[in-house]
Amino acid sequence: MISPDRPAGHGGPVRRLAGTLHRRPRLRLSLLLSAPLLWLVVAYLGALAMLFVAAFWSTNVFTGDLVKDFTWQNFQDLVTLDVYRTVMLRSVMVAVLVTVVDGVIAFPMAFYMAKIASPRAQRWLVIAILTPLWASYLVKAYAWRVMLANDGLLDWALGPFGAHGPGYGLPATVMTLSYLWLPYMILPIYAGLERLPDNLMDAAGDLGARTFRTFRTIIWPVAFPAVVAGSIFTFSLSLGDYIAVKIVGGKSQMIGNVVYDNIGVANNLPFAAAVATLPVAVMVIYLVAVRRTGALENL
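About the criteria used
Residues numbered from 1 in each chain as written. Predicted model: local features only at pLDDT ≥ 70, side-chain atom pairs only at ≥ 80, totals over all residues. Heavy atoms only, no water. Axes fitted to C-alpha atoms, helices over the stretch in contact; angles between N-to-C directions. Helix = DSSP H or I, 4+ residues; strand = E, 2+ residues; numbered from the N terminus. Parallel < 35°, antiparallel > 145°, perpendicular 65-115°, else oblique. Left-handed = near helix turned anticlockwise from the far one by under 90°. Contact = heavy atoms within 4.5 Å. Patch = residues over 30% accessible without salt bridge, like charges linked within 9 Å, V, L, I, M, F, W, Y side chains within 5 Å. Areas by Shrake-Rupley, 256 points an atom, 1.4 Å probe, with all protein chains shown as cover. Salt bridge = Lys/Arg side-chain N within 4 Å of Asp/Glu carboxyl O. Core = buried A, V, L, I, M, F, W, Y, C linked by side-chain atoms within 4.5 Å. Buried < 20%, exposed > 50% of the residue type's maximum accessible area, 1.4 Å probe, protein only. Phe/Tyr/Trp six-rings, centres within 6.5 Å; stacked < 30°, edge-to-face > 60°.

1. A word on the packing of helix α6 (residues 137–148) against helix α8 (residues 170–194)
Now for step 1: The contact between α6 and α8 brings their axes to 10 Å, and the two run at 140 degrees. Compared by their axis directions, α6 and α8 come out oblique. In the packing of α6 onto α8, the handedness of the crossing is right-handed. Listed contacts from α8 to Y137, K140, A141, W144 and L148 of α6 are A172, M175, T176, L177, Y179, L180 and W181.

Pasting the structure below:
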């Protein structure tokens, strides 16, 4: 019943606001996303902006204080000094190798899960792949250190064949990082292959297509964006990693180790910021390059 002293359709401020939001879905969406976007701009993009600005500062060699004057010296050192060029190339090489190894291992596993295993087996396989992600990063890395040590588990397993493990170094780093990031490659490929209709492969077989041609013309075009999506995870995580290199890398260094050492021991924050901008730049270039493949829609 409408009150005689209040006109029809009139409500309180809350009711009017609710009506406005109901009539304007874009305004409702903007208000809903405003807090997360503000946090993203301030905490993430703001931190990246400060990192980029600090890369053009320098450090007083006598006092260790920051000198907030614009200089290209940090980037010149990265380009001209052989040791840093070697570290950059080594980091990219390790990231590429980890991505390739994970791709080779992940594709057949994801294909079996998506197209061969029963629905019940699929659920258990997904759980099995996710389970290592629940364990601590350090626990898994030190487990590989124990296995790769001299007279460790890998030496024991290869001993009867007259071989031994790689020990600590770049091969151990690639093996450890490949294990750590493998689920991030399997899951996107599995999700991509699940969208492939089974009747397409059946039709290809009925039309006489052999296995390789079916893979090349039907399976791979659908799976390729998912493979690229997985590579974004494995490549970026490997490029910026420094803990696994400290644990199993021996004397090898990667970009993350240079950043860590310059923040801690050397106390040269501007040079560490300059080094840290390189993985960001590499990933931006990589994301721009793969944007047309549809990989970003598979993330």
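2. Concerning unusual backbone geometry
Now for step 1: Phi at D151 takes a positive value of approximately 65 degrees, unusual for a residue other than glycine.
Now for step 2: Here D151 is to be found in the loop between α6 and α7 (153–158).

3. Some words on a nonpolar patch on the surface
Now for step 1: A cluster of nonpolar side chains, L29, L32, L33, L37, L38, L40, V41, V42, Y44 and L45, forms an exposed patch at the surface whose accessible area comes to about 970 Å².
Now for step 2: As for its placement among the helices and strands, V42 is situated in helix α2 (residues 25–54).

4. Topic: the environment of A95
Now for step 1: Locating A95 in the fold gives a position in helix α4 (residues 82–116).
Now for step 2: Note: C-alpha distance between A95 and L239 (144 residues apart in sequence) is 5.3 Å.
Now for step 3: Setting aside residues no more than four positions away along its own chain, A95 makes contact with F235, S238 and L239.

5. Here's the deal with the environment of I186
Now for step 1: With respect to the helices and strands, I186 occurs in helix α8.
Now for step 2: Taking the C-alpha atoms as reference, I186 lies 9.4 Å from V126; in sequence the two are 60 residues apart.
Now for step 3: Once residues lying within four places of it in the same chain are set aside, the contact partners of I186 are A106, M109, A110, M113 and I129.

6. A look at the nonpolar core
For soluble globular proteins, nonpolar side chains are generally found buried alongside one another.
Now for step 1: Core analysis: the biggest nonpolar cluster contains 27 residues, and L78 and V275 have the highest contact counts within it.
Now for step 2: Mapped onto this core, the elements with two or more residues apiece are α3 (73–80), α4, α10 (211–239), α12 (255–263) and α13 (269–290).
Now for step 3: Apart from the residues within four sequence positions on either side, L78 is in contact with Y84, R85, M88, F271, A274, V275 and L278.
Now for step 4: Grouped together as the second largest cluster of nonpolar side chains are 20 residues, L196, A204, A223 and V227 included.

7. Topic: the packing of aromatic side chains
Now for step 1: Evaluated as defined, the whole model comprises 17 aromatic pairs.
Now for step 2: By way of ring pairs, the aromatic residues F52, F56, F70, W72 and F75 are connected into one cluster.

8. Notes on α12
An α-helix turns once every 3.6 residues. As a result, residues three or four positions apart point the same way.
Now for step 1: Buried residues of α12: I255, G256, N257, V258, V259 and N262, and no others.
Now for step 2: Close packing links the buried residues of α12 with α4, α10, α11 (243–248) and α13.

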